[in-house]
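Commentary on secondary and tertiary structure
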Amino acid sequence: MDLLFKPQKIKKLEIKNRIVLPPMVCFGFAEDNGFVSEKNISHYESIAKGGTGLVIVEATSVNKQGRLSTDQLGIWSDDYIEGLSKIADICHKYGSKVFIQLHHAGLKTPKHINEDTITSSDYNRGDISARAMIIDEIHSIEKDFINAAIRAEKAGFDGVEIHGAHSYLMTQFFSTEVNKREDEYGGNLDNRLRIVEEIVKGVKENVNNDFIVGIRVGCNENSLKTSIDMAKKLEDMGMDYLHISTGFDNTPIEEKVPEEFPCNWIVYGATKIKEEVTIPVIAVNLIKSVEKASYLIDNNLADFVAIGRAQLADYNFTNRIKEGREIVKCLGCKPCRWFTSGDSCPRIS
Ligand SMILES: Cc1cc2nc3c(=O)[nH]c(=O)nc-3n(C[C@H](O)[C@H](O)[C@H](O)COP(=O)(O)O)c2cc1C
């Protein structure tokens, strides 16, 4: 438990403890067109006050045409910098470090947002369809990510997290299920990672050396073995950390999780990736108790633990476990009420 509260660095950035708020969209909170509202600021204020070492602000859209909803936070123009800077400032005020997750939904963009949805290759499954991006569009979206990172730095964030998980645009390039391209953005793993490689290069050329650039990816992106290969390549590209979740889909990894391991296959996958890289790894998914969190940190199986819904249910989660107090337990509603609005979470209302 002591190690959970021992500071740890990502590159030169010291984070006061090992607890992370993973990115979690607060639907219904933002102003029209994704501008930061007072509700967004007060949400992150409560989380930072609660003692979390690192806050990763929710998936924020780098491109208006790639949004998930009209109230998703935006960072596609300089107009968003002022509002976002208020979130960065409030987190810093309480001693948390703060990153922001950069997102494009690709084929997951609802048609009411954009009729002409795009992805790596022509895609048509069930009620979801999207067309293949031409090379100029790939370059243009790379620029959107790079410009978004530059804006994040201007807004005072300590770093950015590229959203390379959960079926969104980056995974649509990583996944052989979707990416059938025959040019330099498809085929072998290096080609499938090229979009992200070009984004990282562009970001690093345009931000200060101390600004953190990380990525959230799956441990099941095609397979655990491929995810490990990906992780090594992402480290070689200059990623400063990896945040391990699920990839294009939720297919569990084939590797058996040992019986004595107290967490699920997603967290187990993160620990296997950590064995193969030297950059910090954040593990996530249903790490809801101090026992599980400490197990991962004390045994050096992860560098950080991201605790999501449990922190939504109890903004004071981190302070409470530090002081040995009872936490307010997340009830695990399915689906989580925060997917509609945080106001309907039984622990908040
Ligand atoms: C309401 C809600 C919103 C979410 N939004 C995002 C998001 O913006 N970006 C992302 O990568 N994951 C998102 N997730 C996934 C979480 O970051 C996290 O991986 C997931 O909740 C599992 O962790 P937990 O069991 O600690 O909650 C969201 C999850 C929830 C419940």
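See the structure shown above.
Below is a summary of the structure that appears in this document. Note that the structure is a prediction, hence the values are computed from the model and not measured. (Residues numbered from 1 in each chain as written. Predicted model: local features only at pLDDT ≥ 70, side-chain atom pairs only at ≥ 80, totals over all residues.)

Regarding the overall build of the chain
So the rule is basically this: A helix here means a DSSP run of H or I that spans at least four residues, while a strand means a run of E at least two residues long, and both kinds are numbered starting from the N terminus. All radius of gyration figures rest on C-alpha atoms, and the globule criterion is 2.2 Å times the number of residues raised to 0.38. Throughout, a residue-residue contact means that the two C-beta atoms, derived from backbone geometry, are no farther apart than 7 Å.
A count of helices and strands for the chain gives 11 helices and 13 strands. For 349 residues, the compact-globule estimate of 2.2 N^0.38 gives 20 Å, and the C-alpha radius of gyration of the chain, at 19 Å, lies within 12% of that figure. Once the C-alpha set of the chain is aligned to its principal axes, its extents read approximately 55 × 45 × 40 Å. Residue pairs in contact within the chain that sit at least 24 positions apart in sequence constitute 70% of those at least 6 positions apart.

Notes on the pairing of strand β11 (residues 241–245)
Going by this rule: Each residue is classed by its C-beta neighbour count within 10 Å, where at least 20 other C-beta atoms makes it buried, 12 or fewer makes it exposed, and intermediate counts make it partly exposed; the C-beta atoms are placed from backbone geometry. Criterion used throughout: strands pair if DSSP finds at least two bridges between them.
Of all five residues making up β11, five are buried, and the element is well covered by its neighbours. The side-chain alternation of β11 yields two buried faces, one formed by Tyr241, His243 and Ser245 and the other by Leu242 and Ile244. For strand β10 (residues 212–218) and β11, the ladder comprises five bridges, and the chain directions are parallel. Paired with Gly218 across the two strands is Ser245, which belongs to β11.

Focus: helix α9 (residues 290–298)
Each α-helix turn comprises 3.6 residues. Residues three or four places apart therefore point the same way. Quick note on the threshold: This arc describes the spread of directions from the helix axis toward the C-beta atoms.
Those residues of α9 not exposed but buried are Val290, Ala293, Leu296 and Ile297. An end-on view of α9 places all buried positions within 135° of arc, on one side of the element. Opposite the packed face of α9, turned more than 90 degrees from it, sit the exposed residues Glu291 and Asp298. Buried-residue contacts for α9 involve β12 (281–284), β13 (304–306) and α11 (317–322).

Some details on helix α2 (residues 81–93)
Defined as follows: One less than the residue count of a helix, multiplied by 1.5 Å, gives the span that helix is expected to have.
Over its 13 residues, α2 extends 18 Å from the first C-alpha to the last, a length consistent with the 18 Å expected when each residue adds 1.5 Å. Inspection of α2 places Gly83, Leu84, Ile87, Ala88, Ile90 and Cys91 among the buried residues, and these make up the whole buried set. Down the axis of α2, the sector holding all buried residues measures 165°, keeping them to one side. Opposite its buried face, α2 presents the exposed residues Glu82 and Lys93, each directed more than 90 degrees away. Lining the buried residues of α2 we find α1 (38–49), β4 (54–61) and β5 (97–103). Positive backbone phi, approximately 85°, marks Gly95, located one or two places after α2.

Notes on the site of the ligand
Inclusion rule: In this analysis a residue is considered near a molecule or strand if the C-beta atom, reconstructed from its backbone, is found within 6 Å of that molecule or strand.
Within the structure, the ligand sits among 23 residues, and Pro22, Ala59, Gly308, Arg309 and Trp338 are positioned closest to it. Broken down by secondary-structure element, the contributors of at least two residues to the shell around the ligand are β4 and α10 (309–313).

Section: the sheet that holds β11
Applicable threshold: Whenever a helix is involved, its axis is fitted only over the stretch in contact; in every case the axis is a line through C-alpha atoms, and angles between N-to-C directions fall within 0 to 180 degrees.
Taken in spatial order, the eight strands close into a barrel running β3-β4-β5-β9-β10-β11-β12-β13, and their pairing is parallel. Shown here is a sheet whose adjacent strand axes are inclined to one another by a mean of 25°, direction ignored. Across two bridges, strand β3 (residues 19–21) lies against β4 in parallel orientation. Each bridged residue has a counterpart across the sheet, and for Val20 the counterpart in β4 is Leu54. Along the sheet, α2 makes contact with β4 and β5, crossing β5 at roughly 145°. Sheet strands touched by helix α3 (residues 135–154): β5, β9 (159–164) and β10. Its angle to β5, the strand with the most contacts, is close to 160°.

What about the nonpolar core?
Stated formally: Buried Ala, Val, Leu, Ile, Met, Phe, Trp, Tyr and Cys residues whose C-beta atoms connect them within 7 Å together make up a nonpolar core.
Of all hydrophobic cores here, the largest spans 110 residues; its most connected members are Val55, Leu242, Ile244, Ile282, Ala283, Ala302 and Val305. Ranked by residues supplied to this core, first place goes to α3 with seven residues. Setting aside anything within four residues of it in sequence, one finds Ile282 in contact with Val20, Tyr241, His243, Ile244, Ala302, Asp303, Phe304 and Ala306.

Let's talk about the packing of α3 against helix α6 (residues 194–206)
Condition: The sense of a crossing depends on the near helix, which, turned anticlockwise from the far helix by less than a right angle, makes the crossing left-handed and, turned clockwise, makes it right-handed. Side-chain classes are defined by residue name, with Ala, Val, Leu, Ile, Met, Phe, Trp, Tyr, Cys and Pro counting as nonpolar, Asp, Glu, Lys and Arg as charged, and the others, Gly among them, as polar.
The interhelical angle for the contact between α3 and α6, taken along N-to-C directions, is 40°, at an axis separation of 9 Å. When the axes of α3 and α6 are compared, the crossing they make is right-handed. Contacts between α3 and α6 pair Ile138, Glu142, Phe145, Ile146, Ala149 and Ile150 from the former with Ile195, Glu198, Ile199, Gly202, Val203 and Asn206 from the latter. Split into classes, the residues belonging to the contact of α3 with α6 amount to eight nonpolar, two polar and two charged.

Structural notes on the sheet that holds strand β6 (residues 118–119)
Ordered in space as β6-β8-β7, the three strands form an open sheet in which the pairing is mixed. Each end of this open sheet is capped by a strand with a single partner; those strands are β6 and β7 (123–125). One ladder, built from two bridges, connects β6 with strand β8 (residues 128–132); its direction is parallel. What sits directly across from Ile118, in β8, is Arg131.

Function cannot be inferred from these measures alone, as they are strictly geometric.
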